[in-house]
Amino acid sequence: MMNTIDLRGVQPTRAAFERLVPRPVVDVRVAMTVADELIHEVRTRGAVALAEQAEKFDGGAPASIRVPAADIAAAVDALAPDVRAALEEAIVRVRQATAVQVPPAAETAIGPGATIVQRWQPVERAGLYVPGGKAVYPSSVVMNAVPAQVAGVSSIALASPPQREFGGAVHPTILGAAGLLGIDEVYAMGGAGAIGALAYGVEDIGLDPVQVITGPGNIYVAAAKRLVRGQTGIDSEAGTTEILVIADDAADARYVAADLISQAEHDEAAASLLVTDSPAFADRVTAELEALAGATKHAERVRTALGGQQSAIVLVDDLAAAAAFSNAYGPEHLELQTADPDAVLALIQNAGAIFVGPTAPVSLGDYLAGSNHVLPTGGQARFSPGLGAYSFLRPQQVIRYDREALRTVADRIVALSSAEDLPAHGEAVTIRFA
């Protein structure tokens, strides 16, 4: 079912492993032209273009692109009790875990009369994108909205594609989750056009531009986020989901197989990888995959994802090599299911989120761990974090110098400004003591 990559005997260097890691054949650049055209249409034709794009790409043109507040309130009331309870619990847990991501202001005394205050200022307005596609993601409403609220963002707009099943409206469970969070600015729009609308605004529906756009989506959403970067900030260009499991003979093969399948059900291009130093364990996992994959609801999708070139069982010499391979890959989700997971954790540098031990599956993080499930994909975990309150914050330095504090450095400012042939810089200081 899954390809096997045998790296035993391969020198575990970053360069060697980066050449050998499996990746999906998904290049955001192929969607750039289409995304650019869709954004241009929205910028020039506003709501008319959004309605046409909804009819062409999504579930049909909505009766109103801006969702009426009454519809959001009704969706909250219509939530199934168990779903509502789960969402409310997720909100509490994510809010609790996110609160530590907002640093307090800190003042540094450089000298008498000279201070610098480091403060973290939230953006005023954020745009959250919640995808449609093959599944419904009320959990993504929570994961996007809570960090923005914890950061102190005062204005939040949420976009989600219209659904044919609901007559071109946003999925009611998405609306219900938004309502639970107090978000009353919701738009039925999807894809690249929605990203363009959030970035540049759409005057004829009262949509003001945002300063940051967050949330996952398809390749066209990723391309659009790349295109609007500069006009607005973005979290990352999220792609299809990834799970990498480092396991040894001490792990439960059935648990590992179930976890690989759990992420493969997202999408045919989802990446599921097992990295192990035990060929016998790899064989046990393969047998469990055969047994479990056919029994799950989205069996065909799962089999396609597991059989794709982006998924593999990787054999390595030891767990140190497994950690080196994982660091080269930079997985969105990393599970450590070994006899001594903390020893492996000490070797891990690059991962979006790390799940330690047999009772911390990725599904826990998708919903109720309290961690955020909006994470970097495609190797971006090597240099980018997952979504958090910090995604909506900007560090700012506030400088205060009194007259005597400025006098103590005046000559040195003049010296450096002269060395850089920018004498007016020095003169702006000396004029204060003339």
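Residues numbered from 1 in each chain as written. Predicted model: local features only at pLDDT ≥ 70, side-chain atom pairs only at ≥ 80, totals over all residues. Heavy atoms only, no water.

Observations concerning the overall build of the protein
In terms of helices and strands, the protein carries 17 helices and 14 strands. If one aligns the C-alpha atoms of the protein with their principal axes, the spans along those axes are about 85 × 60 × 40 Å. Counting across all 434 residues of the protein, residues that qualify as buried make up 49%. By sequence separation, contacts in the protein at least 24 residues apart represent 74% of the contacts at least 6 residues apart. Accessible surface, the protein: about 19700 Å² in total, of which carbon and sulfur atoms supply 52%. Taken as two groups, the 31 positive and 50 negative side-chain charges of the protein have centres that lie 5 Å from each other. (Helix = DSSP H or I, 4+ residues; strand = E, 2+ residues; numbered from the N terminus. Buried < 20%, exposed > 50% of the residue type's maximum accessible area, 1.4 Å probe, protein only. Contact = heavy atoms within 4.5 Å. Areas by Shrake-Rupley, 256 points an atom, 1.4 Å probe, with all protein chains shown as cover. Lys, Arg positive; Asp, Glu negative; His and termini not counted. Charge placed at Lys NZ, Arg CZ, Asp CG, Glu CD.)

Here we look at the domain arrangement of the protein
Partitioning the protein into domains gives domain 1 (4-24 + 240-370), domain 2 (28-238) and domain 3 (402-433). Here the C-alpha centre of domain 2 lies 30 Å away from the C-alpha centre of domain 1. Contacts between the two partners involve nine residues from domain 1 and, on the opposite side, ten residues from domain 2. Here domain 1 and domain 2 share an interface that buries about 790 Å² over both sides, 55% of which is from carbon and sulfur atoms. A per-residue breakdown of the area domain 1 buries against domain 2 is headed by Tyr367, Leu368 and Gly370, which together make up 56% of the total. Linking domain 1 to domain 2 there are zero salt bridges. In terms of residue count, the dominant contributor to the side of domain 1 that touches domain 2 is helix 15 (residues 362-367) (three residues). Its residues assigned to classes, the side of domain 1 that touches domain 2 shows two nonpolar, three polar and four charged. (Domains from an automatic or database assignment. Buried area = accessible area lost by both parts, 1.4 Å probe. Salt bridge = Lys/Arg side-chain N within 4 Å of Asp/Glu carboxyl O. Nonpolar A, V, L, I, M, F, W, Y, C, P; charged D, E, K, R; others polar.)

A closer look at the nonpolar core
The biggest cluster of nonpolar side chains holds 38 residues, and the ones touching the most others in it are Val141, Val142, Leu158, Leu181, Ile183, Val186 and Phe392. Secondary structure elements with two or more residues in this core: helix 4 (69-78), helix 5 (81-98), strand 4 (125-129), helix 6 (138-151), strand 5 (155-160), helix 7 (172-180) and strand 6 (186-188). If one sorts the elements of this core by residue count, helix 6 sits on top with seven residues. Setting aside its immediate chain neighbours within four residues, valine 186 contacts Ile65, Arg66, Val67, Ile72, Leu158, Val170, Leu175 and Ala178. (Core = buried A, V, L, I, M, F, W, Y, C linked by side-chain atoms within 4.5 Å.)

Points about a nonpolar patch on the surface
A grouping of Ile110, Ile399 and Tyr401 is seen on the molecular surface, where their side chains present a nonpolar patch of about 300 Å² in accessible area. Tracing the chain through its elements places isoleucine 399 in strand 14 (residues 393-401). Of the residues examined, isoleucine 399 reaches a relative accessible area of 54% and is grouped as exposed. (Patch = residues over 30% accessible without salt bridge, like charges linked within 9 Å, V, L, I, M, F, W, Y side chains within 5 Å.)

Some thoughts on the environment of alanine 90
Checked against the element boundaries, alanine 90 lands in helix 5. Residues alanine 90 and aspartate 366 lie 276 residues apart in sequence; the distance between their C-alpha atoms is 9.9 Å. When near neighbours in sequence (up to four residues on either side) are disregarded, alanine 90 contacts Val142, Tyr367 and Leu368.

Observations regarding the side chain of glutamine 163
Summarising the element assignment, glutamine 163 is placed in the loop between strand 5 and helix 7. At 3.1 Å, the side chain of glutamine 163 forms a polar contact with the backbone oxygen of proline 161. Excluding its chain neighbours within four sequence positions, the residues that come into contact with glutamine 163 are Gly59, Gly132, Gly168, Ala169, Val170 and His171. (Polar contact = N/O pair within 3.5 Å; in protein donor to acceptor, adjacent residues only side chain to side chain.)

As for the sheet that holds strand 2 (residues 106-111)
What holds strands together in a sheet is hydrogen bonding between their backbones, with the strands either parallel or antiparallel. Pairing is antiparallel across the open sheet formed by three strands, whose spatial order is 2-3-14. On the outer flanks of this sheet lie strand 2 and strand 14, each paired with one strand and no other. For this sheet the average axis-to-axis angle between neighbouring strands, irrespective of direction, equals 20°. The pairing of strand 2 with strand 3 (residues 114-122) spans five bridges and is antiparallel. The residue of strand 3 that forms the bridge with alanine 109 is threonine 115. (Pairing = 2+ DSSP bridges. Axes fitted to C-alpha atoms, helices over the stretch in contact; angles between N-to-C directions.)

A closer look at the sheet that holds strand 1 (residues 3-6)
Spatially, 1-11-10-9-12-13 is the arrangement adopted by the six strands of the open sheet, whose pairing is parallel. Each edge of the open sheet carries a strand with a single partner, namely strand 1 and strand 13 (353-356). Within this sheet the neighbouring strands show an average axis-to-axis angle of 20°, counted without direction. Two elements, strand 9 (residues 242-247) and strand 12 (residues 333-337), share five bridges in a ladder whose sense is parallel. Directly across from isoleucine 243, in strand 12, lies its bridge partner histidine 333. Sheet contacts for helix 13 (residues 319-329): strand 9, strand 10 (271-276), strand 11 (312-315) and strand 12; angle to strand 9, the most-contacted strand, approximately 170°.

A look at helix 7
Helical geometry note: an α-helix holds 3.6 residues per turn, so side chains three or four residues apart project in the same direction. Ile174, Leu175, Gly176, Ala177 and Ala178 are the residues of helix 7 that are buried. Where helix 7 is buried, its residues contact helix 4, helix 5, helix 6, strand 5 and strand 6. Where helix 7 ends, the next residue or the one after it, glycine 182, has phi of about 80°, a positive value.

Examining the packing of helix 2 (residues 32-45) against helix 8 (residues 191-200)
Direction vectors running N to C along helix 2 and helix 8 enclose 50°, while the axes themselves pass 8 Å from each other. Relative to helix 8, the element helix 2 lies oblique. Of the two possible hands of crossing, helix 2 and helix 8 adopt the one that is right-handed. Between helix 2 and helix 8, the contacting residues are Ala35, Leu38, Ile39, Val42 and Arg43 on the first element and Ala192, Gly193, Gly196, Ala197 and Tyr200 on the second. A per-class count over the contact of helix 2 with helix 8 returns seven nonpolar, two polar and one charged. (Parallel < 35°, antiparallel > 145°, perpendicular 65-115°, else oblique. Left-handed = near helix turned anticlockwise from the far one by under 90°.)

Notes on the pairing of strand 10
By the criterion of burial, strand 10 is predominantly enclosed, with six of the six residues buried. Burial along strand 10 is two-sided: the face carrying Ala271, Leu273 and Val275 and the face carrying Ser272, Leu274 and Thr276 are both buried. For strand 9 and strand 10, the ladder comprises six bridges, and the chain directions are parallel. Within strand 10, the position partnered with glutamate 242 by the bridge is alanine 271.

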